[in-house]
Amino acid sequence: MPPRPAHDRHGPGHHRAARVVGRLLLGALLLVAGTAHLGPARQEFRAQVPGWLPLAPDLVVVASGVVELVLGAALVLAPGRVRPLVGWVVAAFFVAVLPGNVSQLLTRTDAFGLDSDTSRAVRLLFQPLLVAWALWSTGAWRAWRSRRP
C-alpha cells in the first residue's frame, strides 16, 4: 500500500477524534459558563446585558445560564444523529449573545478583566470562532454541505 500524502497522514479517524474532543471541550466550557451565570460570576454577567434590552438584567443572566447548561449537556450527551442540529442551535446562541459583547465594548463596561477597549474588541473577534467551533465539532457544517446539490 502506498504511503498517504502528507496532508492526509492522520486519516479520517484522526479528524473524527479531533471533532469529538472539540465538541466535548465546547460542551464543558458551556457547562462551566452556565454554572458561573447562576453563581460566582453573576454580577459580572449582568454588566454585559445591553441597557436597551427590555428585560431585567438578572433574568437575562439566569436564563442565558440555563440555556448554556442545556446546550453544554446537549453537546456532551446528544446522539450522533442530532448533533448537527445541536451545532446549529449552539452557533445561533453564540450569535444571539453577540449584542451583549458589542454593548460591553460600546458602553466601555468593565467585566471579566476586560478593562480596555482593545481587550473588549479582541473578545469580539472570538465570537465567530465559537460559531465555527460549534458547527465544526458537531458535524453541522459538514452535514449541511453534504446536502447541497
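Note: the structure precedes this text.
For the rest of this paragraph, the subject is the overall build of the chain. Across its full length, the chain holds seven helices and zero strands. Its helices and strands taken in sequence order, the chain reads α-α-α-α-α-α-α from the N to the C terminus. Burial statistics for the chain: of 149 residues in total, 32% are counted as buried. Sequence-distant contacts in the chain: of pairs separated by 6 or more residues, those separated by 24 or more amount to 69%. Total accessible area computed for the chain in this model is approximately 9,200 Å², and 69% of it derives from carbon and sulfur atoms.

Inspection of the secondary structure assignment puts S103 in helix α5 (residues 98-106). Not counting chain neighbours up to four residues away, the residues in contact with S103 comprise P50, G51 and R108.

A few words on helix α4 (residues 83-96). Here α4 is 14 residues long and its end C-alpha atoms lie 20 Å apart, about the 20 Å a rise of 1.5 Å per residue gives. Turning to α4, its buried residues are P84, V86, G87, V90, A91, F93 and F94.

This next bit is on the packing of helix α3 (residues 57-77) against α4. Contact geometry for α3 and α4: axes closest at 10 Å, N-to-C directions at 150 degrees. Judged on the interaxial angle alone, α4 and α3 are roughly antiparallel. As α3 packs across α4, the resulting crossing turns out to be left-handed. Seen from α3, the contacting residues are S64, V67, E68, L71, A74 and L75; seen from α4, they are V86, V89, V90 and F93. Of the residues contributing to the contact of α3 with α4, the split by class is eight nonpolar, one polar and one charged.

The grouping of V20, L24, V76 and L77 at the surface amounts to a nonpolar patch, some 310 Å² of accessible area in total. Within the residue set of the nonpolar patch, elements represented by two or more residues are α1 (11-38) and α3.

Note: α-helices contain 3.6 residues per turn, so residues at a spacing of three or four share the same orientation. Of all the residues in α5, the buried ones are G100, N101, S103, Q104 and L105. Tucked into the core, α5 has its buried residues touching α6 (117-137). Just past α5, the residue R108 takes up positive phi, approximately 55 degrees.

Turning our eyes to something else, we now look at unusual backbone geometry. Positive phi outside glycine occurs at R108, with the angle close to 55 degrees. Positionally, R108 belongs in the loop between α5 and α6. On the basis of relative accessible area, R108 is assigned to the exposed category, the value being 56%.

Each value, and the rule that gives it
Residue numbers restart at each chain and count upward from 1, following the sequence in its written direction. pLDDT decides what is reported in this predicted model: residues at 70 or higher carry local features, side-chain atom pairs at 80 or more are listed and counted, and totals for whole chains, interfaces and linings draw on all residues regardless. Working from all heavy atoms in the structure, the side-chain values ignore hydrogens and water. Secondary structure elements are taken from DSSP: a helix is a run of H or I of four residues or more, a strand is a run of E of two residues or more, and numbering for both begins at the N terminus. The buried label goes to any residue with under 20% of its type's maximum accessible area, the exposed label to any with over 50%, and the partly exposed label to all in between, with areas taken from a 1.4 Å probe on protein chains only. The contact criterion used throughout is that any non-hydrogen atoms of two residues lie within 4.5 Å. The accessible surface values rely on the Shrake-Rupley method and a 1.4 Å probe; as for residues, cover is taken only from the protein chains in view. A helix is expected to span 1.5 Å for every residue after the first. Orientation is described by lines fitted to C-alpha atoms, with helices fitted over the stretch in contact, and by angles between N-to-C directions that extend from 0 to 180 degrees. Angular relationships are summarised with four words: roughly parallel below 35 degrees, roughly antiparallel beyond 145, roughly perpendicular across 65 to 115, and oblique for the angles in between. The sense of a crossing depends on the near helix, which, turned anticlockwise from the far helix by less than a right angle, makes the crossing left-handed and, turned clockwise, makes it right-handed. Residue type decides the class: Asp, Glu, Lys and Arg count as charged, Ala, Val, Leu, Ile, Met, Phe, Trp, Tyr, Cys and Pro as nonpolar, and the leftover types, Gly among them, as polar. Note on patches: the residues involved have over 30% relative accessible area and no salt bridge, like charges join within 9 Å, and the nonpolar side chains Val, Leu, Ile, Met, Phe, Trp and Tyr join within 5 Å. Here, a salt bridge means any Lys or Arg side-chain nitrogen found within 4 Å of an Asp or Glu carboxyl oxygen.

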